[in-house]
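# Coordinate analysis (summary)
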Amino acid sequence: MIIRLLSRTAFYLILAVGLFYILFPFYWMIVNSLKPSAELFATPLSYWPRQLTLDNYRAVLADGSFVRSIFNSFVVAGGATILSLALSSMAAYALARYRFAGKQATLYIILGMSTFPQIAVLGGLFTLARALGIYNTYWALILSYMIFTLPFCVWVLTSFIKEIPDTLDEAATIDGASAWQILWKVIIPLAGPGLVATGLLSFINAWNEFLFALTLTADNQARTVPVAVALFSGQSEHELPWGKITAASTVVTVPVVLLALMFQKRIVEGLTSGAVKG
Amino acid sequence: MANVSLRGVEKSYGAFKIVRQMDLEIHDGEFLVLVGPSGCGKSTTLRMIAGLEDINQGQILIDDQLVNGVAAKNRDIAMVFQNYALYPHMDVFQNMAFGLELRKFPKEEIKSRVEQAADILALGDLLKRKPKELSGGQRQRVALGRAIVRQPKVFLFDEPLSNLDAQLRVQMRAEISRLHAQLKTTMVYVTHDQVEAMTMGTRIVVMKGGDVQQVGAPLELYTRPANRFVAGFIGTPQMNFLDASIEGGTDAPVLVAEALQLPLQGAMAAAISGLKDKRCTLGIRPSDLHVVGTPGAGPITFEAGIDMVEILGAVQVVHIRLGGQTMRAELPIRVACKPGETISLAAEPDAFHIFDATSGVAIA
Ligand SMILES: Nc1ncnc2c1ncn2[C@@H]1O[C@H](COP(=O)(O)OP(=O)(O)OP(=O)(O)O)[C@@H](O)[C@H]1O
Ligand SMILES: [Mg+2]
């Protein structure tokens, strides 16, 4: 009895500590973004704001280059996602349905691509972007992000499409559909949950990416939010504008979190089940 | 409306031949059934006709046109699959209309054809339902509907009823037969159920291990099976087989299987005279055995011990023992049969089938 009580207490204690550790940074970000700047560096630290203000948000949203970077992020993350989905659904269909030489090898090379540390390919990407003349453009980032979004989408969608019975393809063939029409009218509608899940996760990954974005952009023209926020500067070089940084971070995090929560069920469904039963 | 010809068709996976040297003429308007045990190559044959599987050798002709190199969608055939293969994201109407839409039929034409098919199959009230909202029988009817709206030259069915329960199967069987009578289109139907084959087919093709065993009308296969395999496959309960030896002189041979003696005359006697090792297999259907003294009982009589009795209702299947061999007899229920007792049975001489003991080929 006592042992049970103890183990229960321990369980909830561990849970609480874990949750606290995970959630505190978000709490801290939001709280700090709402504090007037005077309170930010006050000692003792105030864990609960004494006074709430939206000044930081006003400052951030009035900053033209930050607003531009949000737009850039949408273009880059959206572009990488759409391109990845378009290419990976075709690739996944081929990998799931056709027998061809080197199919397993292809699958593992694709998987291997996504295991490289970013820093390992950074130099190559930089040189490539300069050579292609796309340095500091959306294309530099979109193409780079596809290094990790594409393999992920291909793998998840391949296993997803394998779950769709291939007699459906045969029925459609006999109904007169070409391979394109089968993909477009039968497979993609049925792989919907998989597309939503992989698309969303790709979008979030691209949205949050920092290292490539820092290296492959030079200015506002293509710079995305994480880099823009990191490069916020204060009045002097010794002062970090924490208020602005936290407000900007909140502005760009909240939509992504909402998106993830909204589609949470679809994501789990999409990643765990084929969801097509006769 | 079309005939289908297979000429020397072969299919193999690697070194393994799935279908061997198949020759088959399917007549215009015929209901041809391909039947055989699991893995004998029925589906493969059907899929080669459909164009879902390419062939390694030979020719396939539909309506006298060589279709070896013609894609499935251009062969003007429709196919009904075992697991229905309905598109889960489309409703019943869309499922049936899909093939016509892909072929760019005008909207009104599609609508009238689908509605006509829905009428024939009593699907009128279900057109807005998704496949998962239908029962098994309804799904199968939608799959039939999807095939008939196309008005194809040939219908292909791959065990369309095997996912249904017994009662529904009987009902759908009648429905498909009625459809055939109404449309008069050539149909090729695969099943492993010999009752389905017997009741539906104009002609039946019995296959085994990639080879055609016999082609013929249902009654022809039943009364004159070409070999022991066909004899055992067609008809329930299964035909009895007894090992028999040939005794007596060549002028008056007698087949002896335990206590059973079958004297042979004329053509039969001549037919077995070619057998070298004096052995053959004797076959007789359980329904051809009668109790001595009852109508139909023939001059060939023997005594047998009763092992077990299965009561089916109007008849009973009596498992009997004849020396070291076992047989089954289908007898009227009023005949008193108790395990452990002996029974006197009789049969007509021409109810017996004689097969080569090694090759199984029918001799007479
Ligand atoms: N893709 C394949 N690769 C290798 N062997 C195959 C393939 N498809 C079928 N086979 C083999 O071909 C043989 C015939 O298969 P088929 O599907 O035609 O049998 P079937 O008569 O329809 O049997 P069932 O009644 O079980 O459906 C089987 O032995 C099967 O194992
Ligand atoms: Mg089969």
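Structure: see above.
To keep things clear, this report deals only with the structure shown in the data block. A quick note: this is a predicted structure, and the numbers were derived from the prediction, not measured.

## Re the overall build of chain A
Within chain A, the secondary structure is distributed over 14 helices and zero strands. The order of α-helices and β-strands along chain A, N terminus first, is α-α-α-α-α-α-α-α-α-α-α-α-α-α. Looking at chain A residue by residue over its 278 residues, the buried ones come to 42%. Intrachain contacts of chain A at a sequence separation of at least 6 include 75% that bridge at least 24 residues.

## Focus: the overall build of chain B
Summing up its helical and strand segments, chain B has nine helices and 20 strands in all. Its C-alpha atoms give chain B principal-axis dimensions of about 75 × 45 × 35 Å. Looking at the 364 residues of chain B, the share that counts as buried comes to 51%. For chain B, the computed accessible surface area is about 16100 Å², with 50% contributed by carbon and sulfur atoms.

## Focus: the environment of S37 of chain A
Position of S37 of chain A among the secondary structure elements: in helix α2 (residues 37-40). Since its relative accessible area comes to 53%, S37 of chain A is described here as exposed.

## Focus: the pairing of strand β8 (residues 186-191) of chain B
Residue and element names in this part refer to chain B. Of all six residues in β8, six are buried; the element is thus mostly enclosed. Across the two faces of β8 the burial is the same, with T186, V188 and V190 and M187, Y189 and T191 all buried. Of the pairings in the sheet, the one linking strand β3 (residues 31-35) to β8 comprises five bridges and is parallel in character. Across the sheet, the residue bridging to V33 is Y189, located in β8. Considered for its hand, the β-α-β crossover made up of strand β7 (residues 154-158), helix α5 (residues 166-183) and β8 is right-handed.

## Topic: the side chain of T246 of chain A
Turning to its location among the elements, T246 of chain A is positioned in helix α13 (residues 242-262). Excluding its chain neighbours within four sequence positions, the residues that come into contact with T246 of chain A are M29, N32 and S33 of chain A.

## Observations regarding the sheet that holds strand β20 (residues 353-356) of chain B
Residues and elements named next belong to chain B. Spatial ordering of the open sheet is given by β13-β12-β11-β14-β20, a layout of five strands whose pairing is antiparallel. In this open sheet, the two edge strands, each paired with only one partner strand, are β13 (260-263) and β20. Within this sheet the neighbouring strands show an average axis-to-axis angle of 35°, counted without direction. Direction of pairing for strand β11 (residues 240-247) relative to strand β14 (residues 279-284): antiparallel, over a ladder of six bridges. The residue bridging S245 from the neighbouring strand is R279, located in β14.

## What about the interface of chain B and chain A?
With 23 residues of chain B in contact, the opposing surface of chain A contributes 18 residues. When chain B packs against chain A, close to 1800 Å² is buried across both sides, 64% of that on carbon and sulfur atoms. Taken together, the connections running from chain B to chain A amount to two salt bridges. On the surface where chain B and chain A come into contact, there are eight residue pairs in polar contact (both at pLDDT 80 or more).

## A closer look at the packing of aromatic side chains
Residue and element names in this part refer to chain B. Evaluation of the coordinates by the stated rule reveals 18 aromatic pairs over all chains. Relative to Y189, the ring of F157 has its centre 5.5 Å away and its plane inclined at 40°; by these criteria the two rings are tilted. With F157 in strand β7 and Y189 in strand β8, this residue pair connects regions lying 32 residues apart in the sequence. Residue class for Y189 comes out buried when judged on its relative accessible area of 0%.

## Side note on the site of ligand 1
Residues and elements named next belong to chain B. Y13, I18, S38, G39, C40, G41, K42, S43, T44 and E159 make up every residue found near ligand 1. Separating an oxygen atom of ligand 1 from a side-chain N or O atom of S38 is a distance of 2.5 Å. Between ligand 1 and C40 there is a distance of 3.2 Å, counted from an oxygen atom to a backbone nitrogen or oxygen. Starting from 640 Å² of accessible surface for ligand 1 in isolation, the protein chains cover 59%. The element contributing the most residues to the shell around ligand 1 is helix α1 (residues 42-50), with three residues. When the residues that make up the shell around ligand 1 are grouped by side-chain class, the tally is three nonpolar, five polar and two charged.

## Examining the nonpolar core
Ranked by size, the top nonpolar core spans 57 residues in total, and within it L34 and L156 of chain B carry the most contacts. The greatest single-element share of this core, amounting to six residues, is contributed by helix α9 (residues 179-190) of chain A. Aside from chain neighbours lying at most four places away, what touches L156 of chain B is L46, I49, A50, I77, A78, M79, V80 and V188 of chain B. Membership of the second largest hydrophobic core comes to 43 residues, among which are V33, L100, I110 and L134 of chain B.

## Some points on the sheet that holds strand β2 (residues 16-26) of chain B
An order of β2-β1-β4-β5 (chain B) is seen for the four strands of this open sheet, with the pairing classed as antiparallel. In this open sheet, the two edge strands, each paired with only one partner strand, are β2 and β5 (65-66) of chain B.

## What about the pairing of β7 of chain B?
Residue and element names in this part refer to chain B. Burial analysis of β7 places five of its five residues in the buried class, which makes it a mostly covered element. The pairing of β7 with β8 spans five bridges and is classified as parallel. In the strand pairing of β8, F155 is matched with M187.

## Remarks on a nonpolar patch on the surface
All names here are of chain A. Together, F11, Y12, L15, L19, I22, L23 and F26 make up a nonpolar patch on the protein surface, roughly 710 Å² of accessible area in all. Assignment of secondary structure puts L23 in helix α1 (residues 2-34). By relative accessible area, which is 48% here, L23 ends up partly exposed.

## Observations concerning the pattern of salt bridges
Applying the stated criterion across every chain yields a total of 17 salt bridges over all chains. Across the salt bridge formed by K17 of chain B and E10 of chain B, the nearest N and O atoms sit 3.2 Å from each other. The exposure class assigned to E10 of chain B is buried, which follows from its relative accessible area of 7%. Of the charged contacts, one joins R47 of chain B and E53 of chain B as a salt bridge, the two residues approaching to 2.9 Å between their closest N and O atoms. With respect to burial, R47 of chain B and E53 of chain B carry one shared label: buried. Shared partners join several salt bridges into a network, and the residues in it are E170 of chain A together with R47 and E53 of chain B.

## Section: the environment of E220 of chain B
Residues and elements named next belong to chain B. Mapped onto the elements, E220 comes out in helix α7 (residues 218-223). The exposure class of E220 is partly exposed, given its relative accessible area of 33%. For the pair E220 and R203, spaced 17 residues apart in the sequence, the C-alpha separation amounts to 9.2 Å. Sequence-distant contacts of E220, defined by excluding residues within four places in its chain, comprise V215 and P225.

Rules used throughout
Residues numbered from 1 in each chain as written. Chains lettered and ligands numbered in written order. Predicted model: local features only at pLDDT ≥ 70, side-chain atom pairs only at ≥ 80, totals over all residues. Heavy atoms only, no water. Helix = DSSP H or I, 4+ residues; strand = E, 2+ residues; numbered from the N terminus. Buried < 20%, exposed > 50% of the residue type's maximum accessible area, 1.4 Å probe, protein only. Contact = heavy atoms within 4.5 Å. Areas by Shrake-Rupley, 256 points an atom, 1.4 Å probe, with all protein chains shown as cover. Pairing = 2+ DSSP bridges. Right-handed = clockwise from strand over helix to strand, strands pointing away. Axes fitted to C-alpha atoms, helices over the stretch in contact; angles between N-to-C directions. Buried area = accessible area lost by both parts, 1.4 Å probe. Salt bridge = Lys/Arg side-chain N within 4 Å of Asp/Glu carboxyl O. Polar contact = N/O pair within 3.5 Å; in protein donor to acceptor, adjacent residues only side chain to side chain. Phe/Tyr/Trp six-rings, centres within 6.5 Å; stacked < 30°, edge-to-face > 60°. Near = heavy atom within 4 Å. Nonpolar A, V, L, I, M, F, W, Y, C, P; charged D, E, K, R; others polar. Core = buried A, V, L, I, M, F, W, Y, C linked by side-chain atoms within 4.5 Å. Patch = residues over 30% accessible without salt bridge, like charges linked within 9 Å, V, L, I, M, F, W, Y side chains within 5 Å.

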